[in-house]
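Architecture at a glance
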Amino acid sequence: MLPLRRLLLRDLLVLVGAAAALITFSLWWGQRSSLREQAEARTSLLVDHLRSDLNASMAQIEGLGVTLQSLWSEGTLSLPVTESEEPQLHALVRQHPLVAAVFFVDERGEGIFLSRASLEAALDARPLNSFQLRQEGGTSWMTTLRRFGRPLPTQDRPPREEYLDATTRPWFAAARQSPLPLWVEPYPFYGTSLTGITYVVPLRGPGGIFKGVICLDLMLEDLTGRFWKALPTQGSLMALVDGRGRVILPPRTPILQDPLRRAQSFLQPLDATRYPSLAKLLAQGQDTPWMDFGSGSRLGIRRQLREAAAPAWTLLLTIPEKELLGGAQRRLLWALGACVLILLFVVWHSHRLARRFGNPLRDLSRAAQRLGQGQVPTIPDTPISEIRTLGEALHHAGEAQQDRARLQQQLQHSQRLETLGTLAGGIAHDVNNQLGAIMGQLFLAREVLPAQSPGAQRLIRAEEAVERCAQTTKALLAFSHNAQADLRPLDFNRLIQRTAGLLDRILGGLVRVELDLDPDLPNILGEPLQLEQVLMNIAVNARDAMPEGGLLTFRTRPTEGGPVILSITDTGKGIPPDVLPHIFEPFFTTKPVGKGTGLGLAMAFGILRAHGGNLDVDSSPGQGTTFTLRLPAAGGTHPEVDEPLGSTGMERGPLAGLRILVAEDEVDLRETLADALTIARAQVETAPDGDLAWQLFQATSYDLILSDQRMPHCPGMELLRRVRSTGSGIPFILASGQDLEPFRPELEGDPATRLLPKPFSVARLMELVQEFGLGRPNA
């Protein structure tokens, strides 16, 4: 058996030699084909540009004709054109340099004639009075030839028997027969060696009666010079031919540099003997990318210039391959030579590499074996990047096997959250509506009792219970990503002390609670009842970990410019390592059936995340468990003081004189809100849906609108958009039992709108009303 080094060397030399020849040929052929494709693309782009340029120029002339026709139809220009109208006509014609001449004549052939310098040079060879315009069939003559407003006297010109009778010109006859503007076939201009094409605009009065014609002349000589300047190379041949194969614009050749010979070539058949490439391109009737001739290969491109308007012209362009690709081919040869040298260097260097492959390949083989055994292989220590890359890939593959299990767990966690979120979001709206109605009715019942009576106190406790139930719904929504916490500044130490006072009956007396609270702790941003829920859930979890009793410590500490930290430590049995990664997963529990739902810690995690905070855990078997809560500090803001539920101030009529529109589809809640606002001495009108509320708003003036979001026919946001579309800045409160956060970006710039999560107390509603500056404060 051959050693690995020799085996690699022999096979590598054979492969490199064959690859060198194949790569060299493939590179040459591929680059040559690529250069040809690039040349075709550049040439096609050039032809398309020329076509667009010509079409745009002819479209401008058509636009001038339509403009003059409109001026005549409006009466701005008359036939014949008066002296006062000439400056406007001159100004319009000067804006179109391709227009060689303009005839503006009536049905008898009388009118005005303007020409540019290029046509005047040809006209100067003839007596100018020979181009006077005369009346068809009559004896009256126009004795003035106007060129851009310069009257040219004819009395100084010798008379001549030959005159330009406009009625005998082909454009005049075409105008009589056509109801619409059109292009006339190219023809020699009268009395000159020039050839051109004319755009004719018939002037017709009521009933289609022929009143005159506007004739705009375009000289082919002007187009020829313009197109010749755009040729890409010296040997390029370009011609423009009409549908009968006649030359409209001739190719650029030394012979046709003579203006006289060039003038004679217009409207002549394309000479196939002199221009075989153009004739072949025209005869094939389609693009011919490459054509071979005895003198070499040429690239040929053809395009139809006028799609919608006559006449239909075809642009032909051929370019010699040696001019188009000559420089690129030389650069390609140099590049191929460099490639050959590089391949020779590879052959020499491969001999050296073969001696250095042995040990790295052996290490690579061992790494593959470790990967097959489920281990993470080490990366081979070698300077060969390919082998090292493979070793790194095997190493990453081993790590990926371990990550895959973690990703699977995260996926299951996300799916469970999604399931719970769908369930919570589906029932939140209806549950919150009913809770809102209950809270409102309890409030209304308490209003008719003395504040210190036993019945009023029982109703206050009932309201507190409903409030806690509402916060449980909010906690579920926050946990399932369906709601944003209603954050406000809180004294965290006070919240912990109040919660610790409630834990005695929950912990059963066996667990002792100890508080270590920093007196300089800054305020936090949070929702009190939801944070109480978090502390309760963690405390219950700690109680189950200390069945024989123990110590539960709450310790707070601030951080410099960072979050406020609360650590909750128990002296229980700890959490096993295999269980620790799963404790925040929904429905995960190690308790027996009926003893736990697996939602306590998951809800705590979700609530803290909705607060912009975080929850970590550190535990070891037999060493207890520490939960660390991090919550954002509230800065220098003062904490909100909870107002006792018994002090409503409704007896003072804080909303007296206000007209309020309530839009709510839930009957009980709608009536409850109407009763509460009426007690506050407001004038209330109600609507069961958004459409009726919109109709009431249009018919009546209100001081405030309170609307539910999810209503039939017209949701609350749609009602708000309709109200704002009228320019009204009326205060608007949008309430919903589901998440209102998606609407905040749209409402940030509206200071007269507030969002109110359901269920809400009447006191909270009054606070929002007074934020608008409406009513009297309850003080």
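Residues numbered from 1 in each chain as written. Predicted model: local features only at pLDDT ≥ 70, side-chain atom pairs only at ≥ 80, totals over all residues. Heavy atoms only, no water.

Observations regarding the overall build of the protein
Tallying secondary structure elements over the protein gives 19 helices and 24 strands in all. Taken across its 779 residues, the protein has 46% of its residues classed as buried. For the protein, restricting intrachain contacts to residue pairs at least 6 apart in sequence, the fraction spanning at least 24 positions comes to 65%. Taken as a whole, the protein presents about 38400 Å² of accessible surface, with 55% of it coming from carbon and sulfur. (Helix = DSSP H or I, 4+ residues; strand = E, 2+ residues; numbered from the N terminus. Buried < 20%, exposed > 50% of the residue type's maximum accessible area, 1.4 Å probe, protein only. Contact = heavy atoms within 4.5 Å. Areas by Shrake-Rupley, 256 points an atom, 1.4 Å probe, with all protein chains shown as cover.)

Quick word on the environment of Pro97
Within the fold, Pro97 resides in the loop between helix H2 (86-94) and strand E1 (99-106). The exposure class of Pro97 is exposed, given its relative accessible area of 62%. Along the sequence, Pro97 and Ile61 sit 36 residues apart, while their C-alpha atoms lie 9.7 Å from each other.

Quick notes on the sheet that holds strand E20 (residues 659-663)
Pairing between the strands of a sheet is mediated by backbone hydrogen bonds and can be parallel or antiparallel. If you walk across this open sheet you meet the five strands as E21-E20-E22-E23-E24, and the pairing is parallel. Unpaired on one side and paired on the other, strand E21 (683-687) and strand E24 (753-757) mark the two borders of the sheet. Averaged over all adjacent pairs, the angle separating strand axes in this sheet is 20°, with direction ignored. Against the sheet, helix H17 (residues 716-725) engages E20, strand E22 (704-708), strand E23 (732-736) and E24, with an angle of about 170° to E23. The sheet strands contacting helix H19 (residues 762-771) are E22, E23 and E24, and the helix crosses E24 at an angle near 170°. (Pairing = 2+ DSSP bridges. Axes fitted to C-alpha atoms, helices over the stretch in contact; angles between N-to-C directions.)

Looking at the pairing of strand E7 (residues 210-219)
Among the 10 residues that make up E7, nine are buried, leaving the element largely enclosed by the rest of the structure. As judged from the seven bridges shared by E1 and E7, these two strands associate in the antiparallel manner. Note on E7: the bridge partner recorded for Phe103 is Cys215. With nine bridges connecting them, strand E6 (residues 195-204) and E7 associate as antiparallel partners.

Quick word on the sheet that holds strand E5 (residues 182-188)
Judged by pairing direction, the sheet is antiparallel, and its five strands sit side by side in the order E2-E1-E7-E6-E5 without closing on themselves. Edge positions in the sheet fall to strand E2 (111-115) and E5, since each of these pairs with one other strand and no more. Pairwise comparison of adjacent strand axes, ignoring direction, gives a mean angle of 20° for this sheet. Relative to E2, E1 runs antiparallel, the two sharing five bridges.

Remarks on the packing of helix H15 (residues 667-679) against H19
At a closest axis distance of 11 Å, the pairing of H15 and H19 adopts a crossing angle of 60°. The angle between the axes of H15 and H19 places the two elements in the oblique class. H15 and H19 meet at a crossing whose hand is right-handed. Counting all contacts with H15, which are made through Leu673, Ala676 and Leu677, the residues of H19 involved are Val762, Leu765 and Met766. A breakdown of the residues in the contact of H15 with H19 according to their chemical character gives six nonpolar, no polar and no charged. (Parallel < 35°, antiparallel > 145°, perpendicular 65-115°, else oblique. Left-handed = near helix turned anticlockwise from the far one by under 90°. Nonpolar A, V, L, I, M, F, W, Y, C, P; charged D, E, K, R; others polar.)

Observations concerning the nonpolar core
Residues Ile61, Leu68, Leu89, Phe104 and Leu216 are the most contacted members of the largest nonpolar core, which totals 45 residues. A total of 10 residues in this core trace back to one element, the largest contributor, which is helix H1 (residues 4-74). Leaving out residues up to four positions away in the same chain, Ile61 has contacts with Leu98, Val99, Trp183, Tyr199, Leu216 and Leu218. In this structure, Ile568, Ile583, Leu601 and Ile607 belong to the second largest nonpolar core, which totals 35 residues. (Core = buried A, V, L, I, M, F, W, Y, C linked by side-chain atoms within 4.5 Å.)

Overview of the packing of helix H13 (residues 528-545) against helix H14 (residues 600-610)
Closest axis-to-axis distance for the H13/H14 pair is 9 Å, and the angle between their directions is 145°. The interaxial crossing formed by H13 with H14 has left-handed handedness. Counting all contacts with H13, which are made through Gln530, Leu531, Gln533, Val534, Asn537, Ile538 and Asn541, the residues of H14 involved are Gly600, Leu601, Met603, Ala604, Ile607 and Leu608. Residues that form the contact of H13 with H14 fall into these classes: eight nonpolar, five polar and no charged.

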